[in-house]
Amino acid sequence: MKSNAVIAIHGGAGTILRASMAPEVETRYLDALNRILAAGQRILADGGSALDAVEEAVRLLEDCPLFNAGHGAVFTSAGTHELDASIMDGRTLEAGAVCCVKRVRNPVLAARRVLEKSEHVLFTGEGAEAFAAAQGLEFVDPAYFHTDARYRQWQLARGEARAMLDHDGATLEAKAAANASADSLPHEPIDPNRKFGTVGAVALDAHGHLAAATSTGGITNKQVGRVGDAPLIGAGCYADDATCAVSTTGSGEMFMRMVAAYDVAAQMKYRGVSLSEASTNVVMEQLPRIDGRGGLIAVDAQGNVVLPFNTEGMYRGYARVGEAPVASIYD
Ligand code: ASP
């Protein structure tokens, strides 16, 4: 099958801990990205849909403890986990999302069921879980989402009685120092205290259709009930065959206020600019107007892929059918 089919994924953006970076940890991240890209790539190579490819890639990212979604999600201020996810089909403009779910193992699968089986777009909390249960999705004990690394990050954030990722330089410096000196903390390539760890995927399939999906645990120490951009169509996720598919990661409140994912598509549609120009404008010009930090991944109907970010790094990668996946972390 001739194909410009391609998938791109991200595992969050943030500040790089160059000094304490252990090469084997970097390799772990790159291996995970490459493995998940290859899984999405296989679906596209077999003629599968972009929707199936992004769902599967995000499901695998949710199952991987290195990233802040599903197993490995961050903690709320109450020491719990509240997960958000969304998915959109660029072929039909159908979308599905869930937010504040606590026991659904893979929120992206719930989002896909909402897209397919419900007349609604977004379910929250108990209603989302009831819907997921009725769909026969797998439930887990909330302890499943716990990882020691995220727990320690939460302890650090609680010490300051606020949500991590507020950009107070001095406090963050202190946090980074504490992190770098605590032997028990993993030295992730991107500083866990200055990282937006949402995951996402975008894809173009061999039939010319686009799709996007995004999933997150949110931000460390977030207030119970806080919802960010990830489950909001247009903010954290958007797909339209006529323009592009987008998944974002970053300071969710700013991405919501900028309607960031949709703005990329809207600029292409109404200004007639390229994917590259539109996404660079959103990430490098619009979001910084309100101190919005993070990045996005996007693909258009021609198979152009962009992965811009305004932080020092972003876990990211893309894989074209028939070519080796390309994964990177730094600028
Ligand atoms: N955008 C996500 C949120 O605000 C955080 C992230 O990207 O890690 O919930």
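Residues numbered from 1 in each chain as written. Predicted model: local features only at pLDDT ≥ 70, side-chain atom pairs only at ≥ 80, totals over all residues. Heavy atoms only, no water.

**Topic: a nonpolar patch on the surface**
Okay, step 1: Together, V121, L122 and I233 make up an exposed nonpolar region whose accessible area comes to about 210 Å².
Okay, step 2: If you trace the backbone, I233 turns up in the loop between β7 (210-216) and β8 (237-239).
Okay, step 3: You can call I233 partly exposed: its relative accessible area is 31%. (Patch = residues over 30% accessible without salt bridge, like charges linked within 9 Å, V, L, I, M, F, W, Y side chains within 5 Å. Areas by Shrake-Rupley, 256 points an atom, 1.4 Å probe, with all protein chains shown as cover. Salt bridge = Lys/Arg side-chain N within 4 Å of Asp/Glu carboxyl O. Helix = DSSP H or I, 4+ residues; strand = E, 2+ residues; numbered from the N terminus. Buried < 20%, exposed > 50% of the residue type's maximum accessible area, 1.4 Å probe, protein only.)

**Describing the site of the ligand**
Okay, step 1: Residues in close proximity to the ligand include F196, G197, T198, G218, I219, R226, G228, D229, T249, G250 and G252, which together make up its full environment.
Okay, step 2: Residue G252 places a main-chain N or O atom 3.1 Å away from an oxygen atom belonging to the ligand.
Okay, step 3: In isolation the ligand exposes 260 Å². Once the protein is present, 100% of that is buried.
Okay, step 4: Looking at side-chain class alone, the shell around the ligand contains two nonpolar, seven polar and two charged residues. (Near = heavy atom within 4 Å. Polar contact = N/O pair within 3.5 Å; in protein donor to acceptor, adjacent residues only side chain to side chain. Nonpolar A, V, L, I, M, F, W, Y, C, P; charged D, E, K, R; others polar.)

**Focus on the UniProt feature "active site" (unreviewed entry) in the protein chain**
Okay, step 1: When the UniProt feature table is mapped onto this chain numbering, "active site" (unreviewed entry) sits at T198.
Okay, step 2: Within the element layout of this structure, T198 appears in the loop between β5 (190-196) and β6 (199-204).
Okay, step 3: The exposure class assigned to T198 is buried, which follows from its relative accessible area of 8%. (UniProt positions renumbered as here; feature names shortened; annotations may be inferred.)

**Section: the sheet that holds strand β11 (residues 305-306)**
Okay, step 1: Pairing is antiparallel across the open sheet formed by four strands, whose spatial order is β8-β9-β10-β11. On the outer flanks of this sheet lie β8 and β11, each paired with one strand and no other.
Okay, step 2: For strand β10 (residues 294-300) and β11, the ladder comprises two bridges, and the chain directions are antiparallel. Within the sheet, the bridge partner assigned to A298 lies in β11 and is V306.
Okay, step 3: Packed on one face of the sheet, helix α8 (residues 260-271) meets β8, β9 (244-250) and β10 and runs near 145 degrees to β9.
Okay, step 4: Its contacts with the sheet place helix α9 (residues 275-289) against β9, β10 and β11, and it is angled at close to 165 degrees to β10. (Pairing = 2+ DSSP bridges. Contact = heavy atoms within 4.5 Å. Axes fitted to C-alpha atoms, helices over the stretch in contact; angles between N-to-C directions.)

**Observations regarding the pattern of salt bridges**
Okay, step 1: The final tally for this structure, using the stated rule, is 10 salt bridges.
Okay, step 2: The partner of R103 in a salt bridge is E129, with the nearest N and O atoms 3.4 Å apart. On the criterion of sequence distance, the pair formed by R103 in the loop between β3 (94-101) and α3 (107-117) and E129 in helix α4 (residues 125-134) is long-range, its members being 26 residues apart.
Okay, step 3: Bridged by salt links that share partners, the residues E56, R59, D63, R105 and E138 form one connected network.

**Structural notes on the confidence of the model for the protein chain**
Okay, step 1: Taken residue by residue, the protein chain gives an average pLDDT of 89. The fraction at 70 or more is 89%.
Okay, step 2: Least confident of the elements in the protein chain is helix α6 (residues 169-181), whose mean pLDDT is 42; most confident is β8, at 99.
Okay, step 3: Predicted confidence for residues 165-186 stays below pLDDT 50, and this span has 38 contacts to residues more than four positions away or in other chains. (pLDDT = per-residue confidence, 0-100.)

**Quick look at the packing of aromatic side chains**
Okay, step 1: As enumerated under the stated definition, the model contains nine aromatic pairs in all.
Okay, step 2: Ring geometry for Y144 versus F145: centroids 5.2 Å apart, planes at 75 degrees, classification edge-to-face.
Okay, step 3: In this structure F145 comes out as buried when scored by relative accessible area, which is 0%.
Okay, step 4: Members of the aromatic cluster, each reached through a chain of ring pairs, are Y29, F67 and Y315. (Phe/Tyr/Trp six-rings, centres within 6.5 Å; stacked < 30°, edge-to-face > 60°.)

**Looking at unusual backbone geometry**
Okay, step 1: In the Ramachandran plot, L93 falls in the positive-phi region, its phi being about 65 degrees despite a non-glycine side chain.
Okay, step 2: Positionally, L93 belongs in the loop between β2 (83-89) and β3.
Okay, step 3: Look at V259: it is not a glycine, yet its phi comes out positive at around 45 degrees.
Okay, step 4: Note that V259 resides in the loop between α7 (252-257) and α8.

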